[in-house]
Amino acid sequence: MKSLIVLIGMMGSGKTTVGKQLAELLGWTFIDLDEEIEKRENKKISQIFNDNGEQYFRKTEKEAIKEFINNEKTILSLGGGAFENEESQKLLKEKSTVIFLKASCQKIFERIKNEIHRPLLHKNFSIETIEFILQKRQKNYDKAHHKIITDNKTPQEIANEILGVIK
């Protein structure tokens, strides 16, 4: 088992909640990449998008991934679009175990419908918007080492399922 586990998937798929649970079970460190970027930039992700644009954010995201890639005994939760970058994807697949947390569009909608800080959902927030984003990202998400379906499971059940596939 590699000592860096990376969680990918759509916003609202459970990466942060499950990542914290998994880190606790393993006695490892948990890092939420978006939170780290917010600390460094001293801005929320939505503000970075507004002030600097998506391209700037993706570059910052890629640099942050490079910083954490050699961490050991770490669970790293990525933002929904971080695995879209080919260079980051290659590095992550080589140096870590990548787990795709897959949730249905309906479940994602239910989980995040009241969150206003999601930059890609500011306008036209709907299940259709989530489906559109997921369709664009699916081919990259499918490149993960493992896929875990998260619908109708508790964070504890998902963390235990991850442990089952990585050991």
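So, here's what we can say about the structure. (Residues numbered from 1 in each chain as written. Predicted model: local features only at pLDDT ≥ 70, side-chain atom pairs only at ≥ 80, totals over all residues. Heavy atoms only, no water.)

Quick notes on helix 7 (residues 155-166)
As a reminder of what qualifies: Each helix is a run of DSSP H or I of at least 4 residues and each strand a run of E of at least 2, with the numbering of both proceeding from the N terminus. Each residue after the first adds 1.5 Å to the expected span of a helix. Throughout this description, buried means an accessible area under 20% of the type-specific maximum (1.4 Å probe, protein chains only), exposed means over 50%, and partly exposed covers the range between. Each direction from the helix axis to a C-beta atom contributes to the arc, which is the arc of those directions. Note on contacts: a residue pair is in contact if any heavy atoms of the two residues lie within 4.5 Å.
For helix 7, spanning 12 residues, the distance from its first C-alpha to its last is 17 Å, which sits close to the expected 16 Å at 1.5 Å a residue. All of the buried residues in helix 7 are Ile158, Ala159, Ile162, Leu163 and Ile166. With its buried residues spanning 145° around the axis, helix 7 presents them on a single face. For helix 7, the elements touching its buried residues are strand 1 (4-8), helix 1 (15-26), strand 4 (97-102) and strand 5 (146-149).

Looking at helix 5 (residues 105-112)
Three- or four-residue spacings in an α-helix give side chains the same orientation, since the helix completes a turn every 3.6 residues. Where helix 5 is concerned, the buried positions are Cys105, Lys107, Ile108 and Ile112. Taken down its axis, helix 5 places every buried residue within 160° of arc, on the same side. Along its buried surface, helix 5 packs onto helix 6 (127-141).

What to know about the environment of Ala144
By the secondary structure assignment, Ala144 is in the loop between helix 6 and strand 5. Assessed through its relative accessible area of 14%, Ala144 is described here as buried. Between the C-alpha atom of Ala144 and that of Phe83, which follows or precedes it by 61 residues, the distance is 9.2 Å. The contact partners of Ala144, leaving out residues within four places of it in the chain, are Ile8, Phe83, Val98, Ile99 and Phe100.

Quick notes on the environment of Leu92
Tracing the backbone through its elements, the reader meets Leu92 in helix 4 (residues 86-95). With a relative accessible area of 0%, Leu92 lands in the buried category. For the pair Leu92 and Ile69, spaced 23 residues apart in sequence, the C-alpha separation works out to 7.0 Å. Beyond its immediate stretch of four places on either side in the chain, Leu92 contacts Val6, Ile65, Ile69, Leu78, Phe83 and Val98.

Let's talk about a positive patch on the surface
Just so we agree on the cut-off: Each patch is assembled from residues with relative accessible area greater than 30% and no salt bridge, linking like charges that lie within 9 Å and nonpolar side chains (Val, Leu, Ile, Met, Phe, Trp, Tyr) that lie within 5 Å. Note on areas: these come from Shrake-Rupley sampling with a 1.4 Å probe, and a residue is covered only by the protein chains present in the view. The term salt bridge refers to a side-chain nitrogen of Lys or Arg lying within 4 Å of a carboxyl oxygen of Asp or Glu. Residues scored as positive are Lys and Arg, those scored as negative are Asp and Glu, and His as well as the terminal groups of each chain are ignored. Charged groups are reduced to one reference atom each: NZ for lysine, CZ for arginine, CG for aspartic acid, CD for glutamic acid.
Positive charge collects at one region of the surface, where Lys93, Lys136, Lys139 and Lys143 lie side by side. As for its position among the elements, Lys93 is in helix 4. Relative accessible area serves as the criterion here: at 30%, Lys93 is assigned to the partly exposed category.

What to know about unusual backbone geometry
One non-glycine residue, Asn42, lies in positive phi territory at about 55°. The topology assignment puts Asn42 in the loop between helix 2 (33-41) and helix 3 (45-68). Unlike most non-glycine residues, Lys73 shows phi in positive territory, near 50°. Within the secondary structure, Lys73 sits in the loop between helix 3 and strand 3 (74-77).

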